[in-house]
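The chain contents come next:
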Amino acid sequence: MARLFGGALLAAAALVVGSWVGLGKPSYEQGSAWAEKTGSEALARTGAAKALAVKAAPVETADGGADLPSSVTETDSQPDERVALPHETDPASVPAMEPWPSLNPEADLQKAWLLAEGPARKPKSGRRLVTLTFDDGPFLETTPAVLKLLARYKVHATFFAVGQYLEGEDKRSRVTRNLLKRVVDEGHLVGNHTLDHQLLTTISHTRVLEQIDRSAAAIERATGKYPYLFRPPYGQLDDFGRKAAQERHLDLMLWSVEARDMVRDDPQEMFRDLMGQLVYKEGGIVLLHDIRFSSVATLRELLAWLKLHKYDPQKPSRPGYEIVDLPTYLRETQAAPMPYANREELDKARERAHDKSRPPAAPESRRVSRR
């Protein structure tokens, strides 16, 4: 048991080390810096958040090993079944992308970054859409806590799973497959985040296909559904990877708001940064990770804040947040696309708009000369 748990922690540690290498988007610093400078009313209303005690210790057994969490149980695993992948079938037989629209069939990376920003907001509308996504799981020690919080707030999210946790016939792998099935049974979507989080732009073409296809097969085995949603590690994809995603009819899903929770441990710091970005960007696709206890604590604070600042249709011009599932977010984006060619143009427009909305700086007091 100890070796099983230790191996899982080593795998998670590898993800921690690599999850943010070379990540140049989204404009995390802009949102956080703007919130810090303006001291916006939305942030001021939150007050001082309480300190969080976060524990990450596994349950100890009599022999000193680590037992599996009691929140998930093992059932008999099903034998492997060979299922034809989408690119091996007649395109006409591939299921439609419902319940979400396919807005980027060419799997263009720059277009995916822009789509992640969501719909263009109507003038004088205070409605800000937020959808939650979780990467790098499922992880037996933390994913159940994420599911419990989402159920408490009646929120449906999207989980981008790493396939390596689902392969194998050891007890931990079987229970992890059951956990991912539970994710689907509770109404959440599951997407593909590759087999073991390799940076796809740095490996051979053969390994790129293995990263996508083996992970997809493992996810389908666990959930009974092929994962058409795809999020490449680090948000990076080259021409070959793009073509592979396109041939498999995958919907490339990125993000617009992030906590950088794989390289930080302070839930309050991450929570404040998420608030700043959501205020600055007026909503967005939030990226968190369901493999760290500090991320669970950050999610707890974020959900409470979003509920406190919930959008009120009776006061449509007052800024407020509405948490929606990913299909709703994409349908709204399809109905009101951003009027910009790319994300860079949108970032510049936002910066100009927020510069205009800042109150003028108070004049410095002049010193009276006593000479």
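Note: the structure precedes this text.
Rules of the game
- Sequence positions are assigned chain by chain, starting from 1 and proceeding in written order.
- Selection of residues for local features in this predicted model requires a pLDDT of at least 70, selection of side-chain atom pairs for listing and counting requires 80 or more, and totals for whole chains, interfaces and linings are taken over all residues.
- In computing side-chain properties, one takes all heavy atoms of the structure into account and sets aside hydrogens as well as water.
- Partly exposed residues are those whose accessible area sits between 20% and 50% of the maximum for their type, while under 20% is buried and over 50% is exposed, using a 1.4 Å probe and protein chains only.
- Each helix corresponds to a stretch of at least 4 residues labelled H or I by DSSP, and each strand to a stretch of at least 2 residues labelled E; elements are numbered beginning at the N terminus.
- By this definition, two strands are paired if DSSP reports at least two bridges between them.
- A right-handed crossover is one whose linking path, passing over the helix from the first strand to the second, runs clockwise when the strands point away from the viewer.
- By convention in these notes, a salt bridge is any Lys or Arg side-chain nitrogen within 4 Å of a carboxyl oxygen on Asp or Glu.
- Distance and chemistry together define a polar contact, namely a pair of N or O atoms within 3.5 Å, with one atom able to donate a hydrogen and the other to accept it when in protein, and with adjacent residues in sequence counting only for side-chain atoms on both sides.
- Stacked, edge-to-face and tilted labels apply to pairs of Phe, Tyr and Trp rings (six-membered ring for Trp) whose centres lie within 6.5 Å, assigned for plane angles under 30 degrees, over 60, and everything in between, in that order.
- Comment: the charge-over-ring label is applied if NZ (Lys) or CZ (Arg) is within 6 Å of the ring centre and within 35 degrees of the ring normal.

Caption draft 1: Highlighting the pairing of strand S2 (residues 158-161). Residues of S2 alternate between two faces, with Thr158 and Phe160 on one and Phe159 and Ala161 on the opposite face, all of them buried. Pairing geometry for strand S1 (residues 127-135) and S2, over three bridges, is parallel. The partner of Asp135 across the bridge, within S2, is Phe160. In the classification by handedness, the crossover that spans S1, the intervening helix H5 (residues 143-152) and the parallel S2 is right-handed. The pairing of S2 with strand S3 (residues 189-192) spans four bridges and is parallel. Across the sheet, Thr158 pairs through a bridge with Leu189, a residue of S3.

Caption draft 2: Structural view of the pattern of salt bridges. Tallying each qualifying case throughout the model produces 23 salt bridges. Where Lys281 meets Glu117, a salt bridge forms, and the shortest distance between an N and an O atom there is 3.7 Å. Taken together, the residues span a long stretch of sequence, with Lys281 in helix H9 (residues 267-281) and Glu117 in the loop between helix H4 (109-116) and S1 at a distance of 164 residues. Judged by its relative accessible area of 3%, Glu117 falls in the buried class.

Caption draft 3: Representation of H4 within the structure. Among the eight residues in H4, six count as buried, and that is most of the element. Turning to H4, its buried residues number three or more, namely Leu109, Ala112, Trp113, Leu114, Leu115 and Ala116. At the N-terminal boundary of H4, the capping side chain belongs to Asp108, with an oxygen 3.2 Å from the backbone nitrogen of Gln110. Residue Gly118 follows H4 closely and has a positive phi angle near 90°.

Caption draft 4: Local environment of the packing of aromatic side chains. Under the defined criterion, the tally for this structure stands at five aromatic pairs. Centre to centre, the rings of Phe139 and Tyr165 are 6.0 Å apart; their planes meet at 50°, and the pair counts as tilted. Note that Phe139 is positioned in the loop between S1 and H5 and Tyr165 in the loop between S2 and helix H6 (171-185), a separation of 26 residues in sequence. Assessed through its relative accessible area of 4%, Phe139 is described here as buried. Given a relative accessible area of 10%, Tyr165 falls into the buried group. Of note, Arg172 hangs over the ring of Phe139, and the distance from its end group to the ring centre comes to 5.3 Å.

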